[in-house]
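Fold and contact review
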Amino acid sequence: MPYICCDIQEGLSDDQKERLADAITQITHESIGSPIPYIHVAIREFPKTSFVQSGLRGREYGKPVIAAAAE
């Protein structure tokens, strides 16, 4: 009975979150054989400023890391 938590930046529409949860459910079923009714997906949304990548956060987060490293 897998429980999968997906942390994302806020801003996706309900439709996008539904498609994401459907895709996670399907790939979990195909990968490990869990019956679909027993797969649980939780999507948690956080503000963009809560994410840090390679020391970048807020407005800088999400820019290509390779480009930022080259500067």
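Rules of the game
- Residues numbered from 1 in each chain as written.
- Predicted model: local features only at pLDDT ≥ 70, side-chain atom pairs only at ≥ 80, totals over all residues.
- Heavy atoms only, no water.
- Helix = DSSP H or I, 4+ residues; strand = E, 2+ residues; numbered from the N terminus.
- Buried < 20%, exposed > 50% of the residue type's maximum accessible area, 1.4 Å probe, protein only.
- Areas by Shrake-Rupley, 256 points an atom, 1.4 Å probe, with all protein chains shown as cover.
- Pairing = 2+ DSSP bridges.
- Right-handed = clockwise from strand over helix to strand, strands pointing away.

Overview of the overall build of the protein
Across its full length, the protein carries 2 helices and 4 strands. The helix and strand sequence of the protein, counted from the amino end, reads β-α-β-β-β-α. Within the protein, the fraction of its 71 residues that count as buried is 18%. Put simply, the protein shows about 5,400 Å² of open surface, and 54% of that area lies on carbon and sulfur atoms.

What about the pairing of strand β1 (residues 3–9)?
Strand direction decides the pairing type here: β1 and strand β2 (residues 40–46), joined by 7 bridges, are parallel. The residue bridging C6 from the neighbouring strand is I43, located in β2. Crossover handedness for the path β1 to helix α1 (residues 14–32) to β2: right-handed.

By themselves, these are just geometric observations and shouldn't be taken as functional.
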